[in-house]
Amino acid sequence: MKKVIIAPSILSADFAALKYDVKMIEEAGVEWVHIDVMDGHFVPNITVGPVVVKSLRKETKLFFDVHLMIANPEKYWREFKEAGADLITFHNEVSAEKNKLVEDIKSSGIKAGISIKPETSVSEIETLLPYLDLVLVMTVEPGFGGQSFMENMIPKIKSLRKIIDENNYDCLIEVDGGIDSRIASICVDAGADALVSGSYIFAAKNPTEAVKSLFV
Ligand code: DX5
Ligand code: ZN
């Protein structure tokens, strides 16, 4: 059976105790950590920049899954790479030259992904799929943790799965927003390879158990 990748989002962690929260998820058995970067332009919220990624890099060997919710990924991605990102995902809805950006990120030696907001359809990224390491399907409006999962995004996950399998593309499907243990199995059944989860883990009474419950 395929093993699902769990990528806890530190957006809901305690920012004054990030290294301890990261240790906790590591001990709970995850291999990835999801880092949400917001600029106050692309989304109405501001989070962390490369300096935080760099500090955290010294504390853990986890795979850094960096989700750029910023208006100018072409201007800033390299700083995140140098800070220790293993995967950089930017949004399809920005005005960057996407083919070139994907190529630049990959030729720097790390992985490249594209994220699609709920209103963006799969057809808008279909021609990029052969070149992508990952597609990040947003199942909430990007910007904030703790929102409800949009069940109507399930057909989008299924159609991506179909296209990727039929063409043998080497591209993971990651799902982000509103994921708890019940939703996790729905997403995996629909074809997800990786699941992001923030508030479900970090607001739980027992965060370690919450992480473990996501391995469906
Ligand atoms: C939302 C972020 C998500 C968020 C998920 O814009 O991209 O990664 O942290 O948090 P939950 O799991 O609380 O929806
Ligand atoms: Zn995210």
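Look above for the structure.
Keep in mind the model is a prediction, meaning the values are calculated, not measured. Counting restarts for each chain: residues are numbered from 1 in the order of the written sequence. For this description, chains carry letters from A and ligands carry numbers from 1, given in the order in which they are written. Restriction of local features to residues with pLDDT of at least 70 applies here, the model being predicted, together with a cutoff of 80 or more for giving and counting side-chain atom pairs; totals for whole chains, interfaces and linings are based on all residues. Values reported for side chains reflect all heavy atoms of the structure, with hydrogen atoms and water molecules removed beforehand.

## What to know about the site of ligand 1
Here comes step 1: The environment of ligand 1 is made up of 20 residues, and the closest members are Asp36, Gly143, Asp176, Gly198 and Ser199.
Here comes step 2: Think of a polar contact as two N or O atoms within 3.5 Å of one another; within protein, one of them needs to be a possible hydrogen donor and the other a possible acceptor, and neighboring residues in sequence only count if both atoms come from side chains. Take histidine 34: an N or O atom from its side chain is 3.4 Å from an oxygen atom of ligand 1.
Here comes step 3: Only the protein chains shown count as covering a residue, and every accessible area follows the Shrake-Rupley method with a 1.4 Å probe. Surface burial for ligand 1 is 100%, taken as the share of its 380 Å² of free accessible area covered by protein chains.
Here comes step 4: In the cavity and pocket records, a cavity denotes points on a 1 Å grid over the protein atoms alone where a 1.4 Å probe fits but cannot get out, a pocket denotes an open set with protein on both sides within 12 Å along at least 5 of 7 lines, and lining residues are residues with an atom within 4 Å of a point. Any molecule with more than half of its atoms within 2 Å of a cavity's or pocket's grid points is regarded as sitting in that cavity or pocket. In a pocket analysis with a 2 Å cut-off to the grid points, ligand 1 is assigned to the largest pocket. Any residue with at least one heavy atom within 4 Å of a molecule or strand is counted as near it.

## Remarks on the pattern of salt bridges
Here comes step 1: Only one rule defines a salt bridge in this text: a Lys or Arg side-chain nitrogen within 4 Å of an Asp or Glu carboxyl oxygen. Within the structure shown, the criterion is met by eight salt bridges.
Here comes step 2: Note that glutamate 31 is salt-bridged to lysine 3, the shortest N-O span being 3.5 Å. Note that glutamate 31 is positioned in the loop between helix 1 (18-27) and strand 2 (32-38) and lysine 3 in the segment before strand 1 (5-8), a separation of 28 residues in sequence.
Here comes step 3: Across the salt bridge formed by glutamate 166 and lysine 162, the nearest N and O atoms sit 3.3 Å from each other. Placement of both glutamate 166 and lysine 162 in helix 5 (residues 154-167) is noted, with a separation of four residues, approximately one turn of the helix.
Here comes step 4: Relative accessibility thresholds used throughout: buried, under 20% of the residue-type maximum; exposed, over 50%; partly exposed, between the two (1.4 Å probe, protein chains only). For glutamate 166, a relative accessible area of 56% puts it in the exposed group.
Here comes step 5: Overlapping salt bridges bring together Arg161, Asp165 and Asp193 as one network. Put simply, DSSP H or I for four residues or longer makes a helix, DSSP E for two residues or longer makes a strand, and each gets a number counted from the N terminus.

## Here's the deal with the packing of helix 5 against helix 6 (residues 181-190)
Two measures define how a pair of helices packs: the angle their axes make with one another and the distance between the axes.
Here comes step 1: Here an angle of 0 to 180 degrees is reported between the N-to-C directions of two axes, which are lines fitted to C-alpha atoms, with helices fitted over the stretch in contact. Where helix 5 meets helix 6, the closest approach of the two axes is 8 Å, and the angle between their N-to-C directions is 35 degrees. Where helix 5 approaches helix 6, its residues Ile154, Ile157, Lys158 and Arg161 are matched on the opposing element by Ile186, Cys187 and Ala190.
Here comes step 2: Asp, Glu, Lys and Arg are counted as charged, while Ala, Val, Leu, Ile, Met, Phe, Trp, Tyr, Cys and Pro are counted as nonpolar; the rest, among them Gly, fall into the polar class. Counted by class, the contact of helix 5 with helix 6 contains five nonpolar, no polar and two charged residues. Whether two residues are in contact is decided by their heavy atoms, any of which lying within 4.5 Å being enough.

## As for helix 5
Here comes step 1: Any helix carries an expected span of 1.5 Å times its number of residues minus one. Compared with an ideal rise of 1.5 Å per residue, which puts 14 residues at 20 Å, helix 5 spans 20 Å between its outermost C-alpha atoms and is within 8% of the ideal.
Here comes step 2: Taken together, the buried positions of helix 5 are Ile154, Lys156, Ile157, Leu160, Arg161, Ile163 and Ile164.
Here comes step 3: Buried residues along helix 5 sit in contact with strand 5 (111-116), strand 6 (134-138), strand 7 (172-176) and helix 6.
Here comes step 4: Where helix 5 terminates, the next one or two residues include asparagine 168, which has phi positive at roughly 55 degrees.

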